[in-house]
Amino acid sequence: TVNGVGYDDFAKALDAAETDDTVTLLKDVTIDSTIEMSGITLTAEPGVTVTAITTSNTYTFKLSNGATLDDLTVELGDLEDSGAVNVVLMNDGTTVKNCKFTGHYVLDRVNEQGESNPDGEVSRAIEGSSGTLTITGNTFENLRQPAYINACTGKISNNHVSGTRGWVICGNSNMEITGNTFGTNAVDIAIIDDNTGDPTNTNNYAEKITELSKFNG
């Protein structure tokens, strides 16, 4: 539906939606292409699942101009290759809240040769590419990373993460990270000091490690 008006398929509802409209999924849907969302909100009725079929360097959702994912249950489909797979690309002013993302990543999987992560899986729920982002109230399970955040500001708050290798935050970002909880992960939050590769970059977290530990647990 779009603001309560029914459509017989998801694509028609998206085409009909305008800025500030809310699209609500009423039944399970499998998405195997990229959905461009600008200025709209996508949500779902309880019990509805989105299966995301994506391949290397593509996205299921590209969010821009205030678009929001709210209260979705998203399951990552079988991976067709071992490249970086991202479900959501967030741009300036966008929000992902109250969603659950589940993948197939097996933490500390080791093959007969003793190699960890032998299939090279890099699965992420979110890639933050620019601007101010809001990521709040979500659950991330069995993905290599809940998110990879590069050169962004905004908030990462009140999320729960388990079965991953942790948030990856580039030092050139300046996200407020509070209230997040963690199950079993390789690490909970990894800060990449990109000052090493480019001396002009500032590591905004160099003096904040104690603060991150204090306000997340």
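Parameters at a glance
Residues numbered from 1 in each chain as written. Predicted model: local features only at pLDDT ≥ 70, side-chain atom pairs only at ≥ 80, totals over all residues. Heavy atoms only, no water. 1 Å grid on protein atoms, 1.4 Å probe; cavity = no way out; pocket = protein on both sides within 12 Å on 5 of 7 lines; lining within 4 Å. Points joined across faces, edges and corners; volume = space filled by probe spheres on them. Helix = DSSP H or I, 4+ residues; strand = E, 2+ residues; numbered from the N terminus. Pairing = 2+ DSSP bridges. Axes fitted to C-alpha atoms, helices over the stretch in contact; angles between N-to-C directions. Buried < 20%, exposed > 50% of the residue type's maximum accessible area, 1.4 Å probe, protein only. Contact = heavy atoms within 4.5 Å. Polar contact = N/O pair within 3.5 Å; in protein donor to acceptor, adjacent residues only side chain to side chain. Phe/Tyr/Trp six-rings, centres within 6.5 Å; stacked < 30°, edge-to-face > 60°.

Colleague: What exactly am I supposed to notice about the layout of surface pockets here?
Modeller: Put simply, the largest pocket is a space of about 200 Å³. Lining the largest pocket we find 13 residues, and of these Tyr 7, Asp 9, Phe 10, Leu 26 and Lys 27 sit closest to its centre. Put simply, the parts of the chain that give the lining of the largest pocket at least two residues each are α1 (10–16) and β1 (22–25). Sort the elements by how many residues they give to the lining of the largest pocket and β1 lands first, with three residues.

Colleague: How do you make sense of the sheet that holds strand β3 (residues 35–38) when you look at a structure like this?
Modeller: Sheet strands pair by backbone hydrogen bonding; their relative direction is either parallel or antiparallel. Here seven strands make up an open sheet; going across it, the order is β3-β6-β9-β12-β15-β18-β21 and the pairing parallel. Pairing within the sheet leaves two strands with one partner each, and these edge strands are β3 and β21 (189–192). Each neighbouring strand pair of the sheet contributes to a mean axis angle of 25°, computed without reference to strand direction. Relative to strand β15 (residues 145–149), strand β12 (residues 122–128) runs parallel, the two sharing four bridges. Across the sheet, residue Ile 126 finds its bridge partner in β15, namely Ala 147.

Colleague: Sorry, what's going on with the sheet that holds strand β4 (residues 41–44) here?
Modeller: Across the sheet, seven strands lie side by side as β1-β4-β7-β10-β13-β16-β19; this open sheet has parallel pairing. Edge positions in the sheet fall to β1 and β19 (174–178), since each of these pairs with one other strand and no more. When the angles between neighbouring strand axes are averaged without regard to direction, this sheet yields 10°. Pairing of strand β16 (residues 152–157) with β19, which is carried by five bridges, proceeds in the parallel orientation.

Colleague: Would you mind going over the environment of Ala 151 with me for this structure?
Modeller: Here Ala 151 is to be found in the loop between β15 and β16. Owing to a relative accessible area of 38%, Ala 151 belongs among the partly exposed residues under this scheme. Those residues in contact with Ala 151 that lie beyond four places of it in its chain are Ser 130, Gly 131, Asn 172 and Ser 173.

Colleague: Help me out: how do you make sense of the side chain of Thr 164 in this one?
Modeller: Relative to the assigned elements, Thr 164 resides in the loop between β17 (160–162) and β18 (167–170). The exposure class assigned to Thr 164 is buried, which follows from its relative accessible area of 0%. Separated by 2.9 Å, the side chains of Thr 164 and Asn 185 make a polar contact. The contact partners of Thr 164, leaving out residues within four places of it in the chain, are Leu 107, Phe 140, Asn 142, Leu 143, Arg 144, Pro 146, Thr 184, Asn 185, Ala 186 and Val 187.

Colleague: Would you explain the pairing of β4 in this entry?
Modeller: Walk down a regular strand and you will see the side chains alternate between the two sheet faces. Across four bridges, the pairing between β1 and β4 is parallel. Its bridge partner lying in β4, Thr 22 is registered against Thr 41. Where β4 and strand β7 (residues 68–70) come together, two bridges link them in parallel fashion. By the bridge assignment, Thr 41 is partnered in β7 with Thr 68.

Colleague: Please clarify how the packing of aromatic side chains should be interpreted in this entry.
Modeller: By convention here, two paired aromatic rings are described through the distance between centres and the angle between planes. For the structure shown, the criterion picks out two aromatic pairs. Here the aromatic rings of Phe 101 and Phe 140 are separated by 5.5 Å at their centres, their planes lie at 5°, and the arrangement is stacked. With Phe 101 in strand β11 (residues 100–102) and Phe 140 in strand β14 (residues 139–141), this pair connects stretches of sequence that are 39 residues apart. A relative accessible area of 2% places Phe 101 in the buried class.

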